[in-house]
Amino acid sequence: MREKIEELYRQCQILEPDRKVFDHINERSTTFAFDFMESLNDVKAYISDQGTGEGIKEYDIEEEGVEIEKLLDALSKNVTGNGLNPASGGHLGYIPGGGVYPAAVGDYLAAVMNSYAGVFFGSAGAVRMENLLIRWMCKIIGFPSSALGNLTSGGSIANLIAMTTARDKKLKHSDEYKNAVIYLTEQVHHSVTKAIRIAGFGYAHIRFVPIDDMYRMDVDQLENLIKEDEANGLNPFLVVASAGTTDTGAVDPMKAIGKVCKKHDLWFHVDGAYGGFFILSDAVKHRFEGVELADSFTIDPHKGLFLPYGVGAVLIKDVDALNQAHYYQANYMQDAVEIDEEPSPADLSPELTKHFRGLRMWLPLKLFGIKPFKAALEEKIWLCRYFREEVQKIEGIEVGPDPDLSVALWRLKPKEGDANEANRWLARKIVEDGRVFMSSTTIDGEVWMRIAVLSFRTHIQTIEKALEMINEIVSNELSFESESFVLV
Ligand SMILES: *Cc1c(COP(=O)(O)O)cnc(C)c1O
């Protein structure tokens, strides 16, 4: 038996590389990473002409290993070389991503240490670090020090945790369930309605509260709807507002909504996945007034703090309610419940074993301090305003309302014909060009182009490049005529 074990030991020793092999892998990977980052300025923000990564199929999982050089080559040929490039400052579509480098170092170290961040008993330090980050976010939005929450994989799971908590806190009897009413606007992110369904209350009545011409929730209408539902014996229990909608960046009037929720005893959730961190920017801080009245708040460090994908957060005032919705008991965890100086993520979220994602956030924040992050956020606000000022000078282009944050609407207004068709055409042209990437949306049946500025790598040069591209597309096609529209 010993011989067998020793033979197996020899076979699996490769899983623990010696320093030389390790240095080699590291050196190649670091070179790859820095070449990638250096190329970002020259590479397109959307690559549409390099296939769809089919070559990765040749790298199916097999018995024998392959050297690192070949694997990095497969990565650059099949993964980084096509489609969206969210690490690029030219990514101005959807909600842009980030990827500040020390976050990668945080991930690397977290993976090497493999700290058990789910339970205080497992790694008290890791849990303390994550709770410290959560309390910092609570503080910046004005929640009391007794509030807490969870570092999630992103905004969708953060919204799910908030919805589950609101459900368990507010709906206790079966008739409360049956008559439950939720209030939100058409502009709420789809992850909220998805969360409502996953959390098992898709049967609830959903009221779409009308929006004003700034795309913000009309609070008088909200209160009217609530009163009407109360009078009809229904059970209004939840309002979901947005601190920065995905489509237009609109911030709902928090204070007024908070007051209505308090008056009618409703749970007040704010989805600030995109916009939350702009509370750190002096230029727009005032728009968040009243956000402290919320019961729960979603915020995405992988958007507004420029971290790589994989970290969101939910902040919740009533930690007992959060715990009631997510605690667990298991015999095999009996040692873990002995010490609890700090609440454990496993008691406040659906996860047990999880990535120690706090380190990727703590490291860059501590290394750089919060100042450059604030400056970058403020820069995004001004870049968006600058774009909007300049793009409307191009003949044939109109813009939407003044942006609340760093998303603005703009579009082609063809001389004759179908404006929606013209803007769909423009959206395709922009993807084909790829110098910068922007996406379109449809609001009230109208197709609009959007610019969303949130990458830490987007600067004035990027905006100039975007304007140049739009100018070229529009003026090169000056006499463009399709079946449905005439450009100029
Ligand atoms: C991005 C976004 C979400 C979803 O967050 P993910 O991190 O993509 O899961 C939710 N709400 C808003 C407003 C968003 O912008």
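A look at the layout of surface pockets
Piece 1. Estimated volume of the largest pocket: approximately 950 Å³.
Piece 2. Surrounding the largest pocket, 31 residues form its lining, Ala33, Phe36, Met37, Tyr101 and Ala104 being those nearest its centre.
Piece 3. Secondary structure elements with two or more residues in the lining of the largest pocket: helix H2 (19–39), helix H3 (68–78) and helix H4 (101–113).
Piece 4. Split into classes, the residues belonging to the lining of the largest pocket amount to 19 nonpolar, 9 polar and 3 charged.

A word on helix H15 (residues 419–433)
Structural remark: α-helix, 3.6 residues per turn; residues separated by three or four positions point the same way.
Piece 1. For H15, with 15 residues, the first-to-last C-alpha span of 21 Å sits near the 21 Å given by 1.5 Å per residue.
Piece 2. Of the positions making up H15, those classed as buried are Ala419, Asn420, Ala422, Asn423, Trp425, Leu426, Ala427, Ile430 and Asp433.
Piece 3. On its buried face, H15 is in contact with strand E11 (407–412), strand E12 (416–417), strand E13 (440–443), strand E14 (446–452), helix H16 (460–476) and strand E15 (485–486).
Piece 4. Between a side-chain oxygen at the N-terminus of H15 and the backbone nitrogen of asparagine 420 the separation is 2.9 Å; the capping residue is aspartate 418.

Quick look at the site of the ligand
Piece 1. Near the ligand you find 15 residues, and of these Gly155, Ser156, Asp271, Asp300 and Lys303 are the closest.
Piece 2. The side chain of threonine 246 places a nitrogen or oxygen atom 3.2 Å from an oxygen atom of the ligand.
Piece 3. One of the side-chain N or O atoms of histidine 302 is found 2.7 Å from an oxygen atom in the ligand.
Piece 4. Taking 380 Å² as the accessible area of the ligand by itself, protein coverage stands at 85%.
Piece 5. Counting only elements with at least two residues in the shell around the ligand, the list comes to helix H6 (155–170) and helix H11 (301–304).
Piece 6. Here the shell around the ligand takes 3 residues from H6, the largest share from any one element.

The rules behind these values
Residues numbered from 1 in each chain as written. Predicted model: local features only at pLDDT ≥ 70, side-chain atom pairs only at ≥ 80, totals over all residues. Heavy atoms only, no water. 1 Å grid on protein atoms, 1.4 Å probe; cavity = no way out; pocket = protein on both sides within 12 Å on 5 of 7 lines; lining within 4 Å. Points joined across faces, edges and corners; volume = space filled by probe spheres on them. Helix = DSSP H or I, 4+ residues; strand = E, 2+ residues; numbered from the N terminus. Nonpolar A, V, L, I, M, F, W, Y, C, P; charged D, E, K, R; others polar. Expected span 1.5 Å × (residues − 1). Buried < 20%, exposed > 50% of the residue type's maximum accessible area, 1.4 Å probe, protein only. Contact = heavy atoms within 4.5 Å. Polar contact = N/O pair within 3.5 Å; in protein donor to acceptor, adjacent residues only side chain to side chain. Near = heavy atom within 4 Å. Areas by Shrake-Rupley, 256 points an atom, 1.4 Å probe, with all protein chains shown as cover.

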